[in-house]
Amino acid sequence: MTVLVEPDIRAGRPLRAVRPWTIALIAGLAATILCAAFSWVPSLWGDEAATLLSAKRSVGSLFGMLMHVDAVHGVYYLLMHGWIRLAGESPFALRLPSAVAVGAAVAAVTLIAGRRGGARAAIVAGVVACVLPRLTYAGEEARSYAFSAAAAAWLTLLLLWLIDGRGRSLAPGPRRIAWLLYAAGMAVTSYLFLYTVTLLVAHGVILLASRASRRTLRAWAVSAGAVVVSLIPLAVLAYLERSQIAYLGSSPDDPAIWYYFLWFGMPWVAVAAWGLVALGLWPAWTAWRRRRTVPSMPGPRAPSTRLVAAAWLFLPTGLLLLVNLVYPMYTGRYSTFAAPAAALLVAEGILVLGRTIGGDPRRTVAATAGATIVFAALCAPAYVLQRGPYAKNDSDWAEVSAAMGANARRGDAVVFDESAKPSQRPRLAMRTYPAGFAGVRDVTLRVPYYRNTWWPDQAYSVKRAAELGRFEDVTRVWLIELDAKGVPDAAPDEYGMAALRALGFTETGRSIETHRSVIVELTRPAG
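Parameters at a glance
- Residues numbered from 1 in each chain as written.
- Predicted model: local features only at pLDDT ≥ 70, side-chain atom pairs only at ≥ 80, totals over all residues.
- Heavy atoms only, no water.
- Helix = DSSP H or I, 4+ residues; strand = E, 2+ residues; numbered from the N terminus.
- Buried < 20%, exposed > 50% of the residue type's maximum accessible area, 1.4 Å probe, protein only.
- Contact = heavy atoms within 4.5 Å.
- Phe/Tyr/Trp six-rings, centres within 6.5 Å; stacked < 30°, edge-to-face > 60°.
- Lys NZ or Arg CZ within 6 Å of the ring centre and 35° of its normal.
- Pairing = 2+ DSSP bridges.
- Right-handed = clockwise from strand over helix to strand, strands pointing away.
- Core = buried A, V, L, I, M, F, W, Y, C linked by side-chain atoms within 4.5 Å.

Enquirer: When you look at the side chain of Thr-110 in this model, what are you seeing that I'm missing?
Expert: Residue position: Thr-110 is located in helix H6 (residues 91–131). With relative accessibility at 2%, the residue Thr-110 sits in the buried group. If we ignore the near neighbours within four places in the chain, the residues touching Thr-110 are Ile-23, Ala-24, Ala-27, Ala-122 and Gly-126.

Right under this line is the structure:
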């Protein structure tokens, strides 16, 4: 697909010869490497455990689970089901597809920016997208959010090609095929992550604002209608499984963090980013104020990068936030699919700043490059924090597994704290990092995840497991509890202790503390 890129007279002669796809390929590869680097360091966390355990199931078991929970992630789980059979189950392998997806998103961002801004705009947008905290986080997480960002970016590029590129001059037959690809892509993307369907609102506004022809509006409306109809089965399942996100109503996000958590990760990044977004939109605001004195040309108008990015960034997320006021169903990471738009607007602000500070072409280039470097430097601390060992929701499962591997003996039993919420239960350390638990008996396991209609294991209480004879020949138990310190809504660190003492087990005084877990050794005499 050829993308319309008008030469930018401000770009300077050396950049005019650079092909858009060359910039896209380099930026996409750089983003993939940046996201994949050190992605194995943070421990997997609850959402990623759901991905791993779901992907490890047989296809039949997976479909059975999706009828009860996580239907909105079913397509992603199916993709990961195939992937882990090729690449393995290590944290790096699990997260690598997301890094590639972010690379694809960044490549599309450069092409969108370069349509009207030329090579300089493409390069600036590519750098901003590479370092944007929401994208670098999504690129090291085994969830579907990175894929939603990539798909949203390429679908937006396809739409622009149809209304403002060579796609508008296609013959009727190929043009219908292109709209069919748009509809199919939007449907598949929405099955990957349901909320991505709100991108249709942004695309509709872009078409109206650019005064698209009736033929184009009709083709888009038919495509959008087909997408919505195709999503009815998923929407019904999502409604029936709505209790899965009921916790969002009892623990809503602090509105104060929305201004930075959605896309910018850290407050200091948000201050600079929102300032640049405002600066990037300023020319559009001044043009709108002059609309009465400057008559507009009749007929279709080429959609600017500002229009595309503003509609994409604000409309879908605004719609989700409005619905969230009535029915809690939203958290910040759900807007990852709009992160490429944030990168585009930040880049627009940098370009405006460069032209404002500069004057002649050389000063403009220097100012633009300097502002880009400063923004990347502001994002660097967020990137480093994302690659820390406990960066994912404070998860320390890798550390727990390593401690068990160093201290537990073959034939020992392990009891896990089952009082925490499912995504924080220490049992998931054994499922995500099994090496440290080799030879250790899970005496309270009731139903393993692959036979369960819910994504994790089901477990007995210590008392019930004892009644079933699970402790008959056990002389050493390792009790792994979630440390309540600093963990909201966590139960006291006494799960199972009384029941184990009733069975004759006593603490040896050996206790291993990890980042947010406590491993306690208990023994009793043989016989």
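Enquirer: What's the story with the side chain of Thr-189 in this structure? I'm lost.
Expert: With respect to the element layout, Thr-189 can be found in helix H9 (residues 172–192). Using a relative accessible area of 4% as the deciding quantity, one classes Thr-189 as buried. In contact with Thr-189, not counting residues within four places along its chain, are Ala-151, Leu-155 and Thr-196.

Enquirer: How should I be thinking about the packing of aromatic side chains in this particular structure?
Expert: Counted under the stated rule, the structure contains 19 aromatic pairs. Ring centres 6.3 Å apart and planes at 20° place the aromatic pair Trp-274 and Phe-314 in the stacked group. Separated by 40 residues along the polypeptide, Trp-274 in helix H15 (residues 267–289) and Phe-314 in helix H16 (residues 305–326) bring together distant segments of the chain. Where Phe-471 meets Phe-505, the ring centres are 6.1 Å apart and the plane angle is 65°; that geometry is what we call edge-to-face. Of this pair, Phe-471 sits in the loop between helix H21 (462–467) and strand S5 (476–482) while Phe-505 sits in the loop between helix H22 (497–502) and strand S6 (506–513), placing them 34 residues apart in sequence. In this structure, Phe-471 and Phe-505 share a single accessibility class: buried. Each member of the aromatic cluster is reached from another via a ring pair, and the members are Tyr-145, Phe-193, Tyr-195, Tyr-330 and Tyr-334. Sitting over the ring of Tyr-239, Arg-242 keeps its end group 4.1 Å from the ring centre. Lying over the aromatic face of Tyr-137, Lys-392 brings its terminal NZ or CZ to 3.6 Å of the ring centre.

Enquirer: Is there a simple way to explain unusual backbone geometry in this structure?
Expert: A negative phi angle is the norm for most residues apart from glycine, just as the trans form is the norm for most peptide bonds. For Arg-211, which is not a glycine, the phi torsion comes out positive at approximately 55°. If you trace the backbone, Arg-211 turns up in the loop between helix H10 (199–209) and helix H11 (214–230). Take Arg-211: its relative accessible area is 30%, and that puts it in the partly exposed class. A positive phi angle, near 65°, is found at Asp-394, a position not held by glycine. Within the secondary structure layout, Asp-394 lies in the loop between helix H18 (361–386) and helix H19 (397–407).

Enquirer: What should I look at first to understand the sheet that holds strand S2 (residues 441–442) in this one?
Expert: What holds strands together in a sheet is hydrogen bonding between their backbones, with the strands either parallel or antiparallel. Judged by pairing direction, the sheet is mixed, and its five strands sit side by side in the order S2-S1-S5-S7-S6 without closing on themselves. The sheet is open, and its two borders are formed by S2 and S6, each paired with just one other strand. Summarising the sheet, strand S1 (residues 413–416) and S2 pair through two bridges and their orientation is parallel. Paired with Ala-413 across the strands is Arg-441, a residue of S2.

Enquirer: How should the environment of Asp-47 be read in this particular structure?
Expert: Mapped onto the secondary structure, Asp-47 falls in helix H3 (residues 46–56). Assessed through its relative accessible area of 15%, Asp-47 is described here as buried. Each C-alpha atom, one on Asp-47 and one on Ala-142, is 8.0 Å from the other, the two residues being 95 residues apart in sequence. Beyond its immediate chain neighbours, meaning those up to four positions away, Asp-47 contacts Arg-143 and Arg-333.

Enquirer: What should I look at first to understand the pairing of S1 in this one?
Expert: The side chains of a regular strand alternate between the sheet's two faces. Of the two faces of S1, both are covered, the one formed by Ala-413 and Val-415 as well as the one formed by Val-414 and Phe-416. Where the polypeptide runs from S1 across helix H20 (residues 427–432) and back to S2, its parallel neighbour, the crossover connection is right-handed. Bridge analysis of S1 against S5 gives four bridges, and the strand direction is parallel. Within the sheet, the bridge partner assigned to Phe-416 lies in S5 and is Ile-480.

Enquirer: What exactly am I supposed to notice about the nonpolar core here?
Expert: Generally speaking, a soluble globular protein has its nonpolar side chains buried in company with each other. The biggest cluster of nonpolar side chains holds 93 residues, and the ones touching the most others in it are Tyr-182, Phe-264, Trp-312, Val-346 and Phe-375. Ranked by the residues each element gives to this core, the list is headed by H6, at 18 residues. Aside from chain neighbours lying at most four places away, what touches Phe-375 is Val-128, Val-131, Leu-132, Val-269, Ala-273, Leu-276, Val-346 and Ile-350. Core analysis: the second largest hydrophobic core is formed by 36 residues, Leu-62, Tyr-77, Leu-94 and Trp-455 among them.

It is worth stressing that arrangement in space is one thing and function is another; only the former is reported here.
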